[in-house]
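# Results of the structural survey
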Amino acid sequence: MFVLGLQGSPRKGGNTDTFLSAFLDRAAQAGAAVKTIQAAKAGIVPCKGCGYCEKKGACVITDDPMAMEIYGLIRRADLVVAASPVYFYGISAQLKVLIDRCQTLWSRKYVLKVKDPLASERKGLLFSVAASRGRQLFDGIHLTAKYFFDAIDARMDHTITYRGIEAKGAIRKRENWTADVETAIEKTVLPLVARNRVLFLSAHGTCRAPMAAAMAQHRFADRIRTDYAGMEKTDALDETMVRCVQETGLDLGYRRPQSPEEAFFGSTPDLVVVIGDGFDKTPYPDVEHLHWPLPAPPSTDDQSIKALHFQIRANLEQLTKRIR
Ligand SMILES: Cc1cc2nc3c(=O)[nH]c(=O)nc-3n(C[C@H](O)[C@H](O)[C@H](O)COP(=O)(O)O)c2cc1C
């Protein structure tokens, strides 16, 4: 399981940072892979409002951290934690820049009408803190978070807000804040970390493995977590495969080829499905393996990829018996 924390305060060691760090430390102890994006330092370019993503499904800005890393991390995350102080009754500008760039993911979902394979299981957690105590203090933050989580296909599962906290680090004096971290871990992390990890592995990891991982994730969403890898280093997923899978409604946008070490952010899988041949040695000698003797498509035309899709679907039928 992978938890992505989005830290929206520019104050390092401030209240938002303190809470998010404590949460991610506990998530890591529970077995999750974790990563924090410090929004204030990330150097994300603001959305230009150009409408390119609504036509093309990708952002026109291709050379900033959002394009090069953060979209991909959001796509891989099982839980996204949006953490921000209240600034003038809303999300901090630093985090809002990142959120606005998710218009691209909104476009993929609502204009291209494709669904992320993790969509039905991804969770969102909102954390916020503010100095004053007004009744509507968190209304603006709630609304932004609600539509942000919807755009990134995450179900807003848990919200933690604190009023009356102003000075840097004042949250540490708030009674029960560590108990709140524990409750959030129990609710959002423990159910997801318990799922078995199934790795789909092929020689190149650009076509068969990512296709099978996406289809299996979609099919067994609540029971397993899938990932894919290739034994050889490659630059991009097979474009025809990505397009053909998208035609079935599954979104493989912002996914890249991965080595076995990168899959599951380094956690060992519980089951490896080796697709095809082309390598002798498994990176996981102690893990149970299945072999699917599906050869690489003879050419990357639509017909071959669709035939492969059909074969993988049939093979997934057999997996049903193993996955409960
Ligand atoms: C620019 C700015 C705007 C703020 N606006 C509000 C506000 O509208 N309502 C409020 O209660 N606190 C407001 N605050 C106070 C912060 O929300 C509060 O100090 C919070 O604890 C800061 O969290 P941090 O330590 O994670 O940065 C504002 C602070 C700043 C710097």
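Reading the values: rules and limits
- Position numbers for residues count from 1 along each chain, tracking the sequence in the order it is written.
- Reporting of local features is limited, given that this is a predicted model, to residues whose pLDDT is at least 70; pairs of side-chain atoms are given and counted only at 80 or more, and all residues count toward the totals for whole chains, interfaces and linings.
- Side-chain descriptors were evaluated using all non-hydrogen atoms of the structure, hydrogens and water having been removed beforehand.
- Helix and strand assignments come from DSSP, with helices taken as H or I runs of at least 4 residues and strands as E runs of at least 2, each series counted from the N terminus.
- Each radius of gyration is computed over the set of C-alpha atoms, and the globule rule expresses the reference value as 2.2 Å times the number of residues to the power 0.38.
- A 1.4 Å probe rolled over the protein chains alone gives each residue an accessible area, and that area as a share of the maximum for its type sets the label: buried under 20%, exposed over 50%, partly exposed in between.
- Any two residues whose heavy atoms approach within 4.5 Å are treated as being in contact.
- Residue burial considers only the protein chains on display, and all accessible areas are found by Shrake-Rupley using a 1.4 Å probe.
- Criterion for a salt bridge: a side-chain nitrogen of Lys or Arg within 4 Å of a carboxyl oxygen of Asp or Glu.
- By convention, a stacked pair of Phe, Tyr or Trp rings (six-membered ring in the case of Trp) has centres within 6.5 Å and planes under 30 degrees apart, an edge-to-face pair has planes over 60 apart, and any other such pair is tilted.
- The criterion for a charge sitting over a ring is simple: Lys NZ or Arg CZ within 6 Å of the ring centre, and within 35 degrees of the ring normal.
- Domain extents, as shown, originate in an automatic or database domain assignment.
- Two parts placed together each lose some accessible area under a 1.4 Å probe, and the buried area is that loss summed for both.
- Residues adjacent in sequence count toward polar contacts only when both atoms are side-chain atoms; beyond that, a polar contact is any pair of N or O atoms within 3.5 Å, and within protein one must be able to donate a hydrogen and the other to accept it.
- Any residue with at least one heavy atom within 4 Å of a molecule or strand is counted as near it.
- Note that Gly is not counted as nonpolar here; it falls among the polar residues with everything else outside the nonpolar set of Ala, Val, Leu, Ile, Met, Phe, Trp, Tyr, Cys and Pro and the charged set of Asp, Glu, Lys and Arg.
- Patch membership is restricted to residues that have no salt bridge and whose relative accessible area is over 30%. Joining uses 9 Å for like charges and 5 Å for the nonpolar side chains Val, Leu, Ile, Met, Phe, Trp and Tyr.
- Pairing between two strands is assigned when DSSP locates at least 2 bridges connecting them.
- With axes taken as lines fitted to C-alpha atoms, and helix axes fitted only over the stretch in contact, angles between N-to-C directions fall between 0 and 180 degrees.
- We call a set of buried residues a nonpolar core when its members are Ala, Val, Leu, Ile, Met, Phe, Trp, Tyr or Cys and they connect through side-chain atoms within 4.5 Å of each other.

This next bit is on the overall build of the chain. Across its full length, the chain holds 11 helices and nine strands. Since a compact globule built from 324 residues should have a radius of gyration of about 20 Å, the 21 Å found for the chain is in line with a globular shape. When each of the 324 residues of the chain is scored for burial, the buried share is 54%. Pairs at least 24 residues apart make up 78% of the contacts formed inside the chain by residues separated by at least 6 positions. Put simply, the chain shows about 14,800 Å² of open surface, and 50% of that area lies on carbon and sulfur atoms.

Applying the stated rule across the entire model yields 23 salt bridges. Ionic pairing is found between arginine 75 and aspartate 116, a salt bridge with its closest N-O pair at 3.4 Å. Of the two residues, arginine 75 is situated in helix H4 (residues 65–76) and aspartate 116 in the loop between helix H6 (103–110) and strand S4 (123–129); the sequence distance between them amounts to 41 residues. The class for arginine 75 is buried, based on a relative accessible area of 2%.

Now for the packing of aromatic side chains. Going through the model one piece at a time under the given rule, you end up with nine aromatic pairs. With a centroid separation of 5.3 Å and 40 degrees between ring planes, the pair formed by phenylalanine 148 and phenylalanine 149 is classed as tilted. Residues phenylalanine 148 and phenylalanine 149 agree in their burial class; the two are buried. Linked through ring pairs, Phe19, Phe127, Tyr162 and Trp177 together constitute an aromatic cluster. Positioned above the aromatic ring of phenylalanine 265, the side-chain terminus of arginine 76 is 3.9 Å from the ring centre.

A word on the domain arrangement of the chain. Along its sequence, the chain is organised into domain 1 (2–193) and domain 2 (196–322). For domain 1 and domain 2, the distance between their C-alpha centroids amounts to 29 Å. Facing 23 residues of domain 1, the contacting portion of domain 2 comprises 20 residues. Of the roughly 1,900 Å² buried where domain 1 meets domain 2, counting both sides, 51% is carbon and sulfur surface. Linking domain 1 with domain 2 are five salt bridges, by the criterion used here. Between arginine 75 and aspartate 251 there is a salt bridge, with the nearest N and O atoms lying 2.6 Å from each other. Run the count over domain 1 and domain 2 and you get 14 residue pairs in polar contact (both at pLDDT 80 or more).

Within the secondary structure layout, asparagine 15 lies in helix H1 (residues 15–29). Taking the C-alpha atoms as reference, asparagine 15 lies 16 Å from phenylalanine 138; in sequence the two are 123 residues apart. Every residue in contact with asparagine 15, bar those within four places of it in the chain, is listed here: Phe127, Val129, Ile165, Glu166, Ala167, Lys168, Gly169, Ala170 and Ile171.

Turning our attention to the site of the ligand. If you check the shell around the ligand, you find 17 residues, and the closest are Ser9, Asn15, Thr16, Ser132 and Ile165. A distance of 2.6 Å separates an oxygen atom of the ligand from a polar side-chain atom of threonine 16. In isolation the ligand offers 650 Å² of accessible surface; the protein chains occlude 78% of this area. Class assignment of the residues belonging to the shell around the ligand gives a composition of 10 nonpolar, five polar and two charged.

To continue, consider a nonpolar patch on the surface. On the surface, a nonpolar cluster with roughly 250 Å² of combined accessible area is contributed by Trp106, Tyr110 and Val111. Along the chain, valine 111 turns up in the loop between H6 and S4. Valine 111 sits in the partly exposed class, given a relative accessible area of 39%.

What follows deals with the sheet that holds strand S1 (residues 2–7). With respect to topology, five strands assemble into an open sheet ordered S2-S1-S3-S4-S5, the strand pairing being parallel. In this open sheet, the two edge strands, each paired with only one partner strand, are strand S2 (33–38) and strand S5 (155–162). With strand direction ignored, the average angle separating the axes of adjacent strands in the sheet is 15 degrees. As paired strands, S4 and S5 are joined by seven bridges and run parallel to one another.

Bringing the nonpolar core into the picture now. Residues Leu98, Phe148, Phe149 and Ile152 are the most contacted members of the largest nonpolar core, which totals 35 residues. When contributions to this core are tallied by element, the ones reaching two or more residues are S1, S2, helix H2 (39–42), H4, strand S3 (79–85), helix H5 (93–101) and helix H7 (139–151). If you tally residues by element for this core, the top one is H4, at five residues.

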